[in-house]
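# Working through the structure, step by step
Now for the letters of each chain:
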Amino acid sequence: MHLRSDVREDDVNQAISIIVGSFIQAQKLSTAKILRTRFSKYITNAKDSDDLILHLLQQLMTEEQRHQHSKHGVRSSDRIEIPVSQLETKARELDILSLRGFFESKQF
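Residues numbered from 1 in each chain as written. Predicted model: local features only at pLDDT ≥ 70, side-chain atom pairs only at ≥ 80, totals over all residues. Heavy atoms only, no water.

Attention now moves to the overall build of the chain. In terms of regular secondary structure, the chain is built from five helices and zero strands. Secondary structure elements in the chain, listed N-terminal to C-terminal, are α-α-α-α-α. Computed over the C-alpha atoms, the radius of gyration of the chain is 19 Å, more than 25% above the 13 Å expected from 2.2 N^0.38 for a compact globule of 108 residues. For the chain, the spread of C-alpha atoms along the three principal axes comes to 60 × 40 × 20 Å. Counting all 108 residues of the chain, 18% fall into the buried class. Element-wise, carbon and sulfur atoms account for 53% of the exposed surface of the chain, whose accessible area totals about 8,500 Å². With 16 positive and 15 negative side-chain charges, the chain shows a separation of 7 Å between the mean positions of the two kinds. (Helix = DSSP H or I, 4+ residues; strand = E, 2+ residues; numbered from the N terminus. Rg over C-alpha atoms; globule rule 2.2 N^0.38 Å. Buried < 20%, exposed > 50% of the residue type's maximum accessible area, 1.4 Å probe, protein only. Areas by Shrake-Rupley, 256 points an atom, 1.4 Å probe, with all protein chains shown as cover. Lys, Arg positive; Asp, Glu negative; His and termini not counted. Charge placed at Lys NZ, Arg CZ, Asp CG, Glu CD.)

Relative to the 24 Å expected for 17 residues at 1.5 Å per residue, helix 1 (residues 9–25) spans 24 Å between its end C-alpha atoms, a close match to the ideal helical length. The set of residues buried in helix 1 consists of D11, S17, V20 and I24. Along its buried surface, helix 1 packs onto helix 2 (29–38). (Expected span 1.5 Å × (residues − 1). Contact = heavy atoms within 4.5 Å.)

Let us now look at the packing of aromatic side chains. How two aromatic rings sit relative to each other is set out by the distance from centre to centre and by the angle between their planes. As enumerated under the stated definition, the model contains three aromatic pairs in all. Between F103 and F108, the aromatic rings sit 5.0 Å apart at their centres with planes inclined by 65°, giving edge-to-face as the arrangement. A residue is classified by how much of its surface remains accessible, and F103, at 32% relative accessible area, is partly exposed. By relative accessible area, F108 is classed as exposed at 55%. (Phe/Tyr/Trp six-rings, centres within 6.5 Å; stacked < 30°, edge-to-face > 60°.)

Turning next to the pattern of salt bridges. According to the stated counting rule, one finds one salt bridge in the structure shown. Salt-bridge contacts for R79 lead to E81; the nearest nitrogen and oxygen are separated by 3.1 Å. Residue class for E81 comes out exposed when judged on its relative accessible area of 53%. (Salt bridge = Lys/Arg side-chain N within 4 Å of Asp/Glu carboxyl O.)

Let us look at a nonpolar patch on the surface. Together, V7, V12, I16, F39 and Y42 give the surface a local cluster of nonpolar side chains, amounting to about 430 Å² of exposed area. On the secondary structure map, I16 appears in helix 1. (Patch = residues over 30% accessible without salt bridge, like charges linked within 9 Å, V, L, I, M, F, W, Y side chains within 5 Å.)

Inspection of the secondary structure assignment puts L97 in the loop between helix 4 (84–93) and helix 5 (100–103). With 41 residues separating them along the chain, L97 and L56 place their C-alpha atoms 14 Å apart. Apart from residues no more than four positions distant in its own chain, L97 is found in contact with E9 and R92.

Below is the structure:
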């Protein structure tokens, strides 16, 4: 979380993750394991999402390279373009609604 004049989605997700994680840690071990599995989608952090998005982007790039190779027979160019909308669609399938954090990350 950062101090800003506006609240972003990743800030809210981080806050939810902290609250749920703290609640789970306050429980007995057996109960905590059950809660951790049931609330796992709420305790993922931004780094996990960034890793997933990077993997999706790499998959899209590989598919595009294969497509260009089959279309042109040889490696047509060193430049590959992936539309942001295509990456957003793939990310939404994994319940990742915003790519802003990824685009601002060191991984990108």
